[in-house]
Amino acid sequence: MKKLLTSLLCVVMVMAFMPAMAFAAEEVAASLPAAENGVITLESDVVLSETATFSKNVTINGNGYTISPARDGQFTGANLIAVTGGTATLNNVRVDAVGACRAVLVKAGKLVVDGNSYITGGKASSYAHGVYVTGKAEFELKSGTISGNTGTNVNADYYDEY
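Everything numeric here is computed off the predicted structure, so don't read it as measured data. (Residues numbered from 1 in each chain as written. Predicted model: local features only at pLDDT ≥ 70, side-chain atom pairs only at ≥ 80, totals over all residues. Heavy atoms only, no water.)

Trainee: Got a minute to help me understand the side chain of Asp-96 in this structure?
Mentor: Of note, Asp-96 is situated in strand β8 (residues 94-96). With relative accessibility at 15%, the residue Asp-96 sits in the buried group. Side-chain polar atoms of Asp-96 contact the backbone nitrogen of Val-98, separated by 2.9 Å. Those residues in contact with Asp-96 that lie beyond four places of it in its chain are Thr-66, Ile-67, Ser-68, Pro-69, Leu-80, Thr-120 and Gly-121. (Helix = DSSP H or I, 4+ residues; strand = E, 2+ residues; numbered from the N terminus. Buried < 20%, exposed > 50% of the residue type's maximum accessible area, 1.4 Å probe, protein only. Polar contact = N/O pair within 3.5 Å; in protein donor to acceptor, adjacent residues only side chain to side chain. Contact = heavy atoms within 4.5 Å.)

Trainee: What should I look at first to understand the pairing of strand β7 (residues 79-91) in this one?
Mentor: Successive residues of a regular strand alternate their side chains across the two faces of the sheet. Pairing between strand β4 (residues 52-54) and β7: three bridges, direction parallel. Bridge pairing in β7 links Ala-52 to Ile-81. (Pairing = 2+ DSSP bridges.)

Trainee: Would you take a moment to explain the environment of Gly-86 for this structure?
Mentor: Summarising the element assignment, Gly-86 is placed in strand β7. Residues Gly-86 and Lys-56 lie 30 residues apart in sequence; the distance between their C-alpha atoms is 4.2 Å. Every residue in contact with Gly-86, bar those within four places of it in the chain, is listed here: Ser-55, Lys-56, Asn-57, Gly-109 and Lys-110.

Trainee: Looking at this model, I keep getting lost on the side chain of Arg-102. Mind explaining?
Mentor: Residue placement: Arg-102 occurs in strand β9 (residues 102-114). For Arg-102, the side chain forms a polar contact with the side chain of Asn-79, separated by 2.9 Å.

Trainee: Would you mind going over the confidence of the model for the protein chain with me for this structure?
Mentor: Close inspection of predicted coordinates is inappropriate in any region flagged by low pLDDT. Taken residue by residue, the protein chain gives an average pLDDT of 83. The fraction at 70 or more is 77%. Counting interchain partners and residues more than four positions distant, the pLDDT-below-50 stretch residues 7-25 has two contacts. (pLDDT = per-residue confidence, 0-100.)

So this is what it looks like as C-alpha cells:
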C-alpha cells in the first residue's frame, strides 16, 4: 500500500510541474484579432483555420508571437497571409506556415517586414514558398529573416514576378 501511495504521489507531483500547455488542445481561430486603428496586437500565438487576408493598411505588432496554420487538415487556404491591397506591416512577428501552405502571398499592395520578423515553413505547389510578390505588388524587408521555406520550384524563400 505504501508503494502505491508513493507512486501516486510521484505522478501527481510530476503532473503539477509540467507546463499546462502540454495538456491544452490547439486553439484554432478563423482570423486574427480585430484591428484597432489599423493595428493588430498579438497577445499570444495565433493558429488560423483560413488565410488572413488584408486589403487595407494594417500593422501586426506580434510581440514575438507566432502566426501559424491549424494542423491535421483544419487549415483551408493556399497562403497563410495574403495581401490584396493597402500596406501590411509585420512587426516583431513569426509567420510559420509549418509546411502546410505558402507563408505570404502579396498579390497587390505592399508588404513591409520589420521589427526582426521571421517568415518560415512555407511550402506551395508553385513559385515562392516563403513570400511570393506578384507584378502588381511591392515588398520591403527592413528588418527580419525569410528562410526555412521548402519547395522544388524557383526560389523557395522569395520570388518577384515582374
